[in-house]
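# Notes for the structure review
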Amino acid sequence: IIMVLAGLLLAATNGDPARAQDFARFTAMDHTAVRVYFAANPIVWMGLPSQVAREFVRGKPLPHGAVATALPQALLAKLPPRQGYDYVRVGDDVALVEKATRLVADVIEDIFG
């Protein structure tokens, strides 16, 4: 069974291990769940300092000075678990961050703006 699953994963990524990161992206349903949650549960949150904001991009590690706050449990319950990743709030955005490297895998921008 494990070999079959590995083969399916490899086929889905066209043999390119980097494409496996495509599974660590927000779906349209994720976007909707996050936006609906924060529309119903607004918070006041200041954005990132400009230098940190310029360095906060998908595909790079979280910059120094970027405060990553865990999402509320009620929202996490609506998002699919992604092994090896954390859902966090950074400034006005929600990000999917790889635990081991702090690499920003994907971002939903301007949630609170």
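Everything below is about the structure printed above this text.
So, a few notes on the structure that sits alongside this text. (Residues numbered from 1 in each chain as written. Predicted model: local features only at pLDDT ≥ 70, side-chain atom pairs only at ≥ 80, totals over all residues. Heavy atoms only, no water.)

## Points about the overall build of the protein
For clarity, the threshold we go by: The helix count covers DSSP runs of H or I at least four residues long, the strand count covers runs of E at least two residues long, and both are numbered beginning at the N terminus. Buried, partly exposed and exposed residues are distinguished by accessible area as a fraction of the type maximum, computed with a 1.4 Å probe on protein chains only: under 20%, between the cut-offs, and over 50%, respectively. It only takes one pair of heavy atoms within 4.5 Å for two residues to be counted as in contact. Computed by Shrake-Rupley with a 1.4 Å probe, the accessible areas treat only the displayed protein chains as cover when residues are assessed.
A count of helices and strands for the protein gives 4 helices and 4 strands. Listing each helix as α and each strand as β along the protein from the N terminus yields α-α-α-β-α-β-β-β. Within the protein, the proportion of its 113 residues that are buried is 32%. For the protein, contacts bridging at least 24 residues in sequence account for 53% of all contacts bridging at least 6. Total accessible area computed for the protein in this model is approximately 7300 Å², and 62% of it derives from carbon and sulfur atoms.

## Let's talk about the pattern of salt bridges
Where charged atoms from two side chains of opposite charge approach closely, those side chains can pair. The line we're drawing: Criterion for a salt bridge: a side-chain nitrogen of Lys or Arg within 4 Å of a carboxyl oxygen of Asp or Glu.
With the rule as written, the count across this model stands at 3 salt bridges. The shortest N-O distance in the salt bridge between Asp-30 and Arg-82 comes to 2.9 Å. Taken together, the positions of Asp-30 in helix α2 (residues 28-40) and Arg-82 in the loop between α4 (73-76) and β2 (85-90) put the pair 52 residues apart, joining distant regions of the chain. Two residues, Asp-86 and Lys-99, come together in a salt bridge whose shortest N-O distance is 3.8 Å. Of this pair, Asp-86 sits in strand β2 while Lys-99 sits in the loop between β3 (93-98) and β4 (104-108); the two residues are 13 residues apart in sequence, bridging distant segments of the chain.

## Examining the sheet that holds β3
By definition, the strands of a sheet pair up through backbone hydrogen bonds, in either a parallel or an antiparallel sense. Definition in use: A pair of strands is considered paired only if DSSP assigns at least 2 bridges between the two. Fitted lines through C-alpha atoms give the axes, limited to the stretch in contact for helices. The angle between two N-to-C directions lies from 0 to 180 degrees.
With antiparallel pairing, the 4 strands of this open sheet are ordered in space as β1-β2-β3-β4. Both outer strands of the open sheet, β1 (68-70) and β4, are each paired with one neighbouring strand and no more. Taking the axes of each pair of neighbouring strands and ignoring which way they run, one obtains an average angle of 35° across the sheet. Two strands pair when backbone bridges link them, and β3 and β4 are joined in this way by 4 bridges, in the antiparallel orientation. Residue Val-97 lies in a different strand from β4, and its bridge partner there is Val-104. Against the sheet, α2 engages β3 and β4, with an angle of about 55° to β4.

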